[in-house]
Amino acid sequence: MLFQIRTNLFFYYRLFFIILFLLLGVSGIGMVALESYTNVDIIITETDFDKKALHTTSLVMGTLGFTVAFIMVFLMREKRNATPDRRQLSRPLDFPDRRNSLDRRSEESSLNKQNS
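Residues numbered from 1 in each chain as written. Predicted model: local features only at pLDDT ≥ 70, side-chain atom pairs only at ≥ 80, totals over all residues. Heavy atoms only, no water.

**Brief notes about the pattern of salt bridges**
Tallied over the full model, the rule gives 3 salt bridges. The shortest N-O distance in the salt bridge between Lys51 and Asp41 comes to 3.3 Å. Of the two residues, Lys51 is situated in helix H2 (residues 48–80) and Asp41 in the loop between helix H1 (2–37) and H2; the sequence distance between them amounts to 10 residues. Residue class for Asp41 comes out exposed when judged on its relative accessible area of 56%. With a closest N to O distance of 3.7 Å, Lys52 and Asp48 form a salt bridge. Of this pair, Lys52 and Asp48 both sit in helix H2, separated by 4 residues, roughly a single helical turn. Through salt bridges with shared partners, a single network forms among Glu35, Asp41 and Lys51. (Salt bridge = Lys/Arg side-chain N within 4 Å of Asp/Glu carboxyl O. Helix = DSSP H or I, 4+ residues; strand = E, 2+ residues; numbered from the N terminus. Buried < 20%, exposed > 50% of the residue type's maximum accessible area, 1.4 Å probe, protein only.)

What follows is the structure, given as structure tokens:
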């Protein structure tokens with residue numbers, strides 16, 4: 001029972017960080033997009049070089065935020081779709097069929113047997 005509670009908490013913990021990285025990506029890229037395309041001044045700096053440097057930093061952080069969030073979502077989905085363990089499957093084991101008297105030895109040994 002405690003294990004199930006711990007699993008649910010871990011799911012919400014991962015979901016919190018996914019949302020956090022998505023917000024980082026949206027805010028970084030959104031701020032640059034607003035300043036570039038709508039001419040709204042969000043960052044006020046003294047020189048144009050400082051503004052471009054902050055835009056570049058913001059774009060890099062936003063892209064990294066989106067990338068990390070999507071990687072975390074991919075890893076969560078990968079874990080959920082994992083194939084079950086071999087011991088949990090209810091199918092018979094693949095033993096060779098012994099009724100058809102197949103010889104598993106090489107052809108040379110079977111030829112030697114026939115010649116004797």
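**Considerations on the packing of aromatic side chains**
Overall, the coordinates contain 4 aromatic pairs when judged by the stated rule. Centroid distance Phe11 to Tyr12: 5.4 Å. Interplanar angle 65°. Geometry classified as edge-to-face. Residue class for Phe11 comes out partly exposed when judged on its relative accessible area of 24%. Ring centres 5.3 Å apart and planes at 75° place the aromatic pair Phe16 and Phe17 in the edge-to-face group. (Phe/Tyr/Trp six-rings, centres within 6.5 Å; stacked < 30°, edge-to-face > 60°.)

**As for a nonpolar patch on the surface**
On the surface, Tyr12, Leu15, Ile19 and Leu23 cluster together into a nonpolar patch covering about 400 Å² of accessible area. Within the fold, Leu15 resides in helix H1. For Leu15, a relative accessible area of 32% corresponds to the partly exposed category. (Patch = residues over 30% accessible without salt bridge, like charges linked within 9 Å, V, L, I, M, F, W, Y side chains within 5 Å. Areas by Shrake-Rupley, 256 points an atom, 1.4 Å probe, with all protein chains shown as cover.)

**What to know about the environment of Gly30**
With respect to the element layout, Gly30 can be found in helix H1. The class for Gly30 is partly exposed, based on a relative accessible area of 27%. The sequence separation of Gly30 and Gly62 amounts to 32 residues, and the corresponding C-alpha distance is 8.5 Å.

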